[in-house]
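# Structural overview
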Amino acid sequence: MQLIAGNWKMNGLLASIAELEALIASGPHPSAALLLCPPATLLASFAARARGTHVAIGAQDCHPEPCGAFTGDLSAPMLADAGATHVIVGHSERRIGHGETDALVRRKAEAALAAGLVPIVCIGETLEDREAGQTLAVLARQLQGSLPSSGAAIVAYEPVWAIGTGRTPNPDAIAAAHAAIADHLPGDTPILYGGSVSPANAPAILATPGVGGALVGGASLRAHDFLAIAGAAR
Ligand code: 13P
């Protein structure tokens, strides 16, 4: 069973619940577990609708503290209270756009675990890292710095240069990265691939050794495409 997770990023309004309805209507899939991470404004309503169905609902970020004077932030216990079961932490759009460090990502992942959420810890090299031959070194550094010290996490390998570009590493490069990542993790840790996953490339990506599922951005916004990707799961 592979995990097919959708990250809606800063997209989606109340009316977008029609996409969730379509995912629910599709029924459970024999080889794909579905997780949808809408923006926080939709979390509670989506989680209420999805309760008891085969679709899980997750959040896209959390603060490391459980409560306090942090205007605009959301804590892991709040996300759990809204019905989330998972939370993405350390996405490159937050590492780069919000200056998040490995140490902060680790604190967020640990806060998620403490609140009963499964953290999805994102790592990935930039194009500059890759061209300098530093991909595996960067991944190792991010894993060492941002994984929670104990507890079960999911890891998402998202090469920064593959996000939203239509470009992906070839299957050999994905397999090599996933094997290197797995060396740092307990054997049962799922490792998702993310970055320009589409209905067209999902069969090859999801058949790549070591790939435990996908973290899908743009193609998760429409249930039709997201379900086509889930249909390639194994
Ligand atoms: P795209 O699938 O749009 O490239 O986004 C990937 C991603 O960042 C998922 O977290």
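For the structure itself, look to the data block above.
### Concerning the packing of aromatic side chains
Overall, the coordinates contain two aromatic pairs when judged by the stated rule. Between Trp 8 and Phe 46, the ring centres sit 5.6 Å apart and the planes meet at 80°, which makes this aromatic pair edge-to-face. Linking Trp 8 in the loop between β1 (2-7) and α1 (17-25) with Phe 46 in helix α2 (residues 40-50), this pair joins segments that are 38 residues apart in sequence. Residue Trp 8 is classed as buried on the basis of its relative accessible area of 2%. Judged by relative accessible area, which is 0%, Phe 46 ranks as buried. Ring plane angle 65° and centroid distance 6.2 Å describe the contact between Tyr 157 and Tyr 193, whose orientation is recorded as edge-to-face.

### Considering the sheet that holds strand β4 (residues 86-89)
Here eight strands make up a closed barrel; going around it, the order is β1-β2-β3-β4-β5-β6-β7-β8 and the pairing parallel. Strand-to-strand twist in this sheet, taken as the mean axis angle between neighbours without regard to direction, amounts to 25°. Bridge analysis of strand β5 (residues 118-123) against strand β6 (residues 154-157) gives four bridges, and the strand direction is parallel. When the bridges of β6 are listed, Cys 122 appears paired with Ala 156. Across the sheet, helix α7 (residues 135-146) is in contact with β5 and β6; its angle to β5 comes to roughly 150°. Across the face of the sheet, helix α8 (residues 171-182) comes into contact with β5, β6 and β7 (191-194) while running at roughly 145° to β7.

### Digging into unusual backbone geometry
With a phi close to 50°, Lys 9 is a non-glycine residue in the positive phi region. Structurally, Lys 9 is set in the loop between β1 and α1. A positive phi is found at Ser 196, a non-glycine position, where the angle reads about 60°. By secondary structure assignment, the location of Ser 196 is in the loop between β7 and α9 (202-206).

### Looking at the pattern of salt bridges
Enumeration according to the criterion identifies nine salt bridges in this entry. Across the pair Asp 61 and Lys 108 runs a salt bridge whose closest N-O atoms are separated by 2.8 Å. Pair noted here: Asp 61 is in the loop between β3 (55-59) and α3 (76-81) and Lys 108 is in helix α5 (residues 102-114), with a separation of 47 residues, a long-range link. For Asp 102, the salt bridge identified is with Arg 95, shortest N-O distance 2.5 Å. Considered together, Asp 102 and Arg 95 belong to a single accessibility category, that of buried residues.

### Some remarks on the site of the ligand
All residues adjacent to the ligand are Asn 7, Lys 9, His 91, Glu 158, Ala 162, Ile 163, Gly 164, Gly 195, Ser 196, Leu 215, Gly 217 and Gly 218. Protein burial of the ligand: of its 310 Å² of free accessible surface, 94% is covered by the chains. Considered class by class, the residues forming the shell around the ligand number three nonpolar, seven polar and two charged.

### A word on the nonpolar core
One finds Ile 4, Leu 36, Ile 57, Ile 181 and Leu 206 to be the most contacted residues of the largest nonpolar core, which totals 57 residues. Sort the elements by how many residues they give to this core and α2 lands first, with five residues. Residues contacting Ile 4, with those up to four places away along its chain left out, are Ala 32, Ala 33, Leu 34, Leu 35, Leu 206, Gly 213, Ala 214, Val 216, Phe 226, Ile 229, Ala 230 and Ala 233. Within the second largest apolar cluster, eleven residues are counted, among which are Leu 35, Cys 37, Ile 88 and Ala 156.

### Things to note about α8
With twelve residues, α8 extends 16 Å from end C-alpha to end C-alpha; this agrees with the ideal 16 Å at 1.5 Å per step. When α8 is considered as a whole, its buried residues turn out to be Ala 173, Ile 174, Ala 177, His 178, Ala 180 and Ile 181. All buried residues of α8 project into a common sector of 160° when viewed along the axis, lining one side. Two or three places before Asp 172, at the start of α8, stands the capping residue Asn 170, its side-chain oxygen 3.1 Å from that residue's backbone nitrogen.

### As for the environment of Leu 127
Residue position: Leu 127 is located in helix α6 (residues 127-131). Residue Leu 127 is classed as partly exposed on the basis of its relative accessible area, which comes to 32%. When the C-alpha positions of Leu 127 and Gly 6 are compared, they lie 23 Å apart, and in sequence the two are 121 residues distant. Excluding residues within four positions of it along the chain, Leu 127 makes contact with Trp 161 and Arg 167.

Parameters and conventions
- Residues numbered from 1 in each chain as written.
- Predicted model: local features only at pLDDT ≥ 70, side-chain atom pairs only at ≥ 80, totals over all residues.
- Heavy atoms only, no water.
- Phe/Tyr/Trp six-rings, centres within 6.5 Å; stacked < 30°, edge-to-face > 60°.
- Helix = DSSP H or I, 4+ residues; strand = E, 2+ residues; numbered from the N terminus.
- Buried < 20%, exposed > 50% of the residue type's maximum accessible area, 1.4 Å probe, protein only.
- Pairing = 2+ DSSP bridges.
- Axes fitted to C-alpha atoms, helices over the stretch in contact; angles between N-to-C directions.
- Contact = heavy atoms within 4.5 Å.
- Salt bridge = Lys/Arg side-chain N within 4 Å of Asp/Glu carboxyl O.
- Near = heavy atom within 4 Å.
- Areas by Shrake-Rupley, 256 points an atom, 1.4 Å probe, with all protein chains shown as cover.
- Nonpolar A, V, L, I, M, F, W, Y, C, P; charged D, E, K, R; others polar.
- Core = buried A, V, L, I, M, F, W, Y, C linked by side-chain atoms within 4.5 Å.
- Expected span 1.5 Å × (residues − 1).
- Arc of directions from axis to C-beta.
- Polar contact = N/O pair within 3.5 Å; in protein donor to acceptor, adjacent residues only side chain to side chain.

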